[in-house]
Amino acid sequence: MATTRVVLIDMDGVLADFEQRVLDTYRERYPGLGHVPLHERKHFYVDSDYDKLSPGQGAVIDDIIHEAGFFTSLQPLPGAIDALNTIATLPGVSPFICTSPLTRYNPCITEKYDWVKRHLGEWWLRRIILTKDKTVIAGHILIDDKPLITGAVSSPSWEHVVFETAYNQHLLPTVRHISSWLNVEQWMHIITNKSIL
């Protein structure tokens, strides 16, 4: 009997362009303050890079991402919508969006659902997993931009496939990764490669 491959796909920074929206909002509001270009980002948490730029600027970033409308305003990353719709049709593959809400979760959670409905449709609403600890979620692959994913389970069931961005470049030589959803051959090979089971 064939095994279904459960593919977990992160949302912010993998499907939705979190980074660009933060930068655009910051530069619109604070044109006289320094900013961190996307290609120079070094830390997963945006506020960490801005605090290094100038103490206290991280709090400004924190305010931006907690504003009403922030998550619904994110644009899909290039190729993300087509990729997810293709993955949903692959035989033997069961995809889920696996995303971590902000700890101060209002309005983040409802906006994540709104984003999915708007960009992917109602079918995907039943395939959203919200968790602060992705290590406890069972799957074969987790596609995520976070460089290190830790939690209650020291050896999760899934393989972490890194979605490439500036702050995880140091990992790319040693792990399987996806450079972009536009690189269809690359992500298709990773998702359909039966050696992951």
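Quick caveat, the model's predicted, so the values are computed rather than measured.

Asker: So what about unusual backbone geometry? Which residues, and what values?
Answerer: With an omega of 10 degrees, the peptide bond between Asn106 and Pro107 qualifies as cis. Note on placement: Pro107 falls in the loop between β2 (93-99) and α5 (108-120).

Asker: Report on α5, specifying residues and quantitative values.
Answerer: When the terminal C-alpha atoms of α5 are compared, their 18 Å separation across 13 residues agrees well with the 18 Å that a helix rising 1.5 Å per residue should span. Of all the residues in α5, the buried ones are Cys108, Glu111, Lys112, Trp115, Val116, His119 and Leu120. Mapping the buried residues of α5 onto a view down its axis gives an arc of 140 degrees, with all of them on the same face. Contacts from the buried residues of α5 go to α4 (80-87), β2 and β3 (128-130).

Asker: Talk me through the environment of Val7; I want residue IDs and the actual numbers.
Answerer: Note that Val7 resides in strand β1 (residues 5-9). The spacing of Val7 and Ile81 is 74 residues in sequence and 15 Å in space, taken between C-alpha atoms. Excluding anything up to four places from it in sequence, Val7 contacts Val93, Ser94, Pro95, Phe96, Ile141, Ile143 and Ile191.

Asker: Hey, could you go over the pairing of strand β4 (residues 141-144) for me, with residue numbers and the actual values?
Answerer: It is a general feature of regular strands that their side chains alternate between the two faces of the sheet. Side-chain alternation along β4 places Ile141 and Ile143 on one buried face and Leu142 and Asp144 on a second face that is also buried. In the sheet, β4 pairs with strand β5 (residues 159-163) via four bridges, with the strands oriented parallel. Bridge pairing links Asp144 to Val162 in β5.

Asker: Talk me through the side chain of Lys134; I want residue IDs and the actual numbers.
Answerer: Residue position: Lys134 is located in the loop between β3 and β4. Assessed through its relative accessible area of 8%, Lys134 is described here as buried. Filtering out sequence-adjacent residues up to four positions away, Lys134 remains in contact with Asp10, Cys98, Thr99, Ser100, Leu142, Asp144, Ile149 and Trp158.

Asker: Outline the side chain of Asp144, supporting the account with residue identities and numerical values.
Answerer: Here Asp144 shows up in strand β4. On the basis of relative accessible area, Asp144 is assigned to the buried category, the value being 2%. At a separation of 2.9 Å, a polar atom in the side chain of Asp144 contacts the main-chain amide nitrogen of Lys146. Each residue touching Asp144, except ones within four places of it in the same chain, is listed here: Asp10, Val14, Lys134, Ile149, His160, Val161, Val162 and Phe163.

Asker: Lay out the packing of helix α2 (residues 46-53) against helix α3 (residues 57-65) with the relevant residues and their values.
Answerer: α3 packs onto α2 with a crossing angle of 150 degrees between their chain directions and a minimal axis gap of 6 Å. Between α2 and α3, the angle falls in the class roughly antiparallel. Both α2 and α3 take part in a crossing whose hand is right-handed. Note on element contacts: α3 touches α2 through Gln57, Gly58, Ala59 and Ile61, opposite Val46, Asp47, Tyr50, Asp51 and Leu53. By residue class, the composition of the contact of α2 with α3 is five nonpolar, two polar and two charged.

About the cut-offs
- Here the residue numbers are simple positions, counted from 1 along each chain's written sequence.
- Only residues with pLDDT of 70 or above have their local features reported here, since the model is predicted, and side-chain atom pairs are shown and tallied only from 80 upward, although totals for entire chains, interfaces and linings are computed over all residues.
- Computation of side-chain values: all heavy atoms of the structure, hydrogens and water removed.
- A run of H or I in DSSP becomes a helix once it reaches four residues, and a run of E becomes a strand once it reaches two; helices and strands are each numbered from the N terminus.
- By definition here, a helix of n residues has an expected span of 1.5 Å times n minus one.
- Each residue is assigned to one of three classes by its accessible area relative to the maximum for its type, calculated with a 1.4 Å probe on protein chains only: buried under 20%, partly exposed between the two thresholds, exposed over 50%.
- Think of it as the arc spanned by the lines of direction from the helix axis to the C-beta atoms.
- Only heavy atoms enter the contact rule, under which two residues are in contact if any of them lie within 4.5 Å.
- The pairing criterion for strands is at least two bridges between them, as found by DSSP.
- Here a polar contact means two N or O atoms within 3.5 Å. Within protein one must be a hydrogen donor candidate and the other an acceptor candidate, and residues neighboring in sequence count only if both atoms are side-chain atoms.
- Between the N-to-C directions of two axes lies an angle of 0 to 180 degrees, each axis being a line fitted to C-alpha atoms and, for a helix, fitted only over the stretch in contact.
- When describing relative orientation, an angle under 35 degrees is termed roughly parallel and one over 145 degrees roughly antiparallel, while 65 to 115 degrees is termed roughly perpendicular and anything else oblique.
- Here a crossing is taken to be left-handed if its near helix is turned anticlockwise relative to the far helix by less than a right angle, and right-handed if that turn runs clockwise.
- Classification used: nonpolar for Ala, Val, Leu, Ile, Met, Phe, Trp, Tyr, Cys and Pro, charged for Asp, Glu, Lys and Arg, polar for all others including Gly.

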